[in-house]
Amino acid sequence: DMLSKQDLSEEQLNICRDIRRRGKNKVAAQNCRKRKIEQIEELQIRLEDAKRRQYLLQKDHQKLISVYSAEANNLTMLTDTVLAHHNKSPEHYLVQVEGEDVKILPKSAVREKDRVPQPIENMRLNFHSEAESSPRDRSMYSGVHSQPSNLDMDQCVRRGWE
């Protein structure tokens, strides 16, 4: 290399190589820090996008819950009307529709999971914020733990879904 063409001692050559090596290392370290900062910025952008998507999904989920609740109430009123017409109690009987067939059955004859409408609590998801979730549980939602409204509870009690 260029240094060997000069009349330099071995010690001077080692010092020059050491200076060159340190300079290259310094540039490499700067590039590494720059890449790391760029990675962090990219991850922050992705995190914000994910939070935005989660917010929109939560909003959509709440709208769907509201629509489901209204439709479930309409179905319950219709069911109550049919049962009242046949002098049957909604506490002990339910209406089951399969295609064109409409049947009035005792509740004991229909499994809980096959009853319609399902309680609104089965449809709710409990979303966590970062502060609420433990390090072990980083999932977006963990199941059903939200408080039902009084209307929902009255509906459940009246239907025997306690």
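All of these numbers come straight from a predicted model, not from anything done at the bench. (Residues numbered from 1 in each chain as written. Predicted model: local features only at pLDDT ≥ 70, side-chain atom pairs only at ≥ 80, totals over all residues. Heavy atoms only, no water.)

Student: Please set out the overall build of the protein chain residue by residue, giving values where relevant.
Tutor: A count of helices and strands for the protein chain gives three helices and two strands. Each of the 162 residues in the protein chain was classed as buried or not, and the buried ones make up 19%. Of the contacts made within the protein chain by residues no fewer than 6 positions apart, 44% connect residues no fewer than 24 positions apart. Carbon and sulfur atoms provide 54% of the accessible area of the protein chain, an area that totals close to 13,000 Å². (Helix = DSSP H or I, 4+ residues; strand = E, 2+ residues; numbered from the N terminus. Buried < 20%, exposed > 50% of the residue type's maximum accessible area, 1.4 Å probe, protein only. Contact = heavy atoms within 4.5 Å. Areas by Shrake-Rupley, 256 points an atom, 1.4 Å probe, with all protein chains shown as cover.)

Student: Before we move on, could you go through the pattern of salt bridges and cite the residues and values that matter?
Tutor: Under the counting rule described, the total for this entry stands at six salt bridges. In this structure, Arg21 and Asp18 form a salt bridge, with 2.0 Å as the shortest nitrogen-oxygen distance. Of this pair, Arg21 and Asp18 both sit in helix H2 (residues 10–85), three residues apart, roughly one helical turn. With relative accessibility at 22%, the residue Asp18 sits in the partly exposed group. With a shortest N-O distance of 2.7 Å, Asp49 and Arg52 are connected by a salt bridge. Within this pair, Asp49 and its partner Arg52 are both found in helix H2, separated by three residues, close to a single helical turn. Residue Asp49 is classed as partly exposed on the basis of its relative accessible area, which comes to 29%. A network of salt bridges, in which partner residues are shared, links Asp18, Arg21 and Arg22. (Salt bridge = Lys/Arg side-chain N within 4 Å of Asp/Glu carboxyl O.)

Student: Requested: an account of the environment of Lys88, with residues and values cited.
Tutor: On the secondary structure map, Lys88 appears in the loop between H2 and strand E1 (93–98). What makes Lys88 partly exposed here is its relative accessible area of 32%. Sequence separation between Lys88 and Ile104 is 16 residues; the distance between their C-alpha atoms is 8.7 Å.

Student: Any chance you could break down the packing of aromatic side chains for me, citing the residues and the numbers?
Tutor: Considering all chains together, one arrives at zero aromatic pairs under this definition. Here the guanidinium or amino end of Lys88 rests over the ring plane of Tyr93, the centre of that ring lying 4.8 Å away. (Phe/Tyr/Trp six-rings, centres within 6.5 Å; stacked < 30°, edge-to-face > 60°. Lys NZ or Arg CZ within 6 Å of the ring centre and 35° of its normal.)

Student: Summarise unusual backbone geometry; cite the residues concerned and give the values.
Tutor: The peptide bond linking Val116 to Pro117 adopts the cis configuration, its omega dihedral lying at 0°. Structurally, Pro117 can be placed in the loop between strand E2 (101–106) and helix H3 (150–159). Residues other than glycine seldom take positive phi values, yet Asn87 does so here, at roughly 55°. If you trace the backbone, Asn87 turns up in the loop between H2 and E1. Assessed through its relative accessible area of 72%, Asn87 is described here as exposed.

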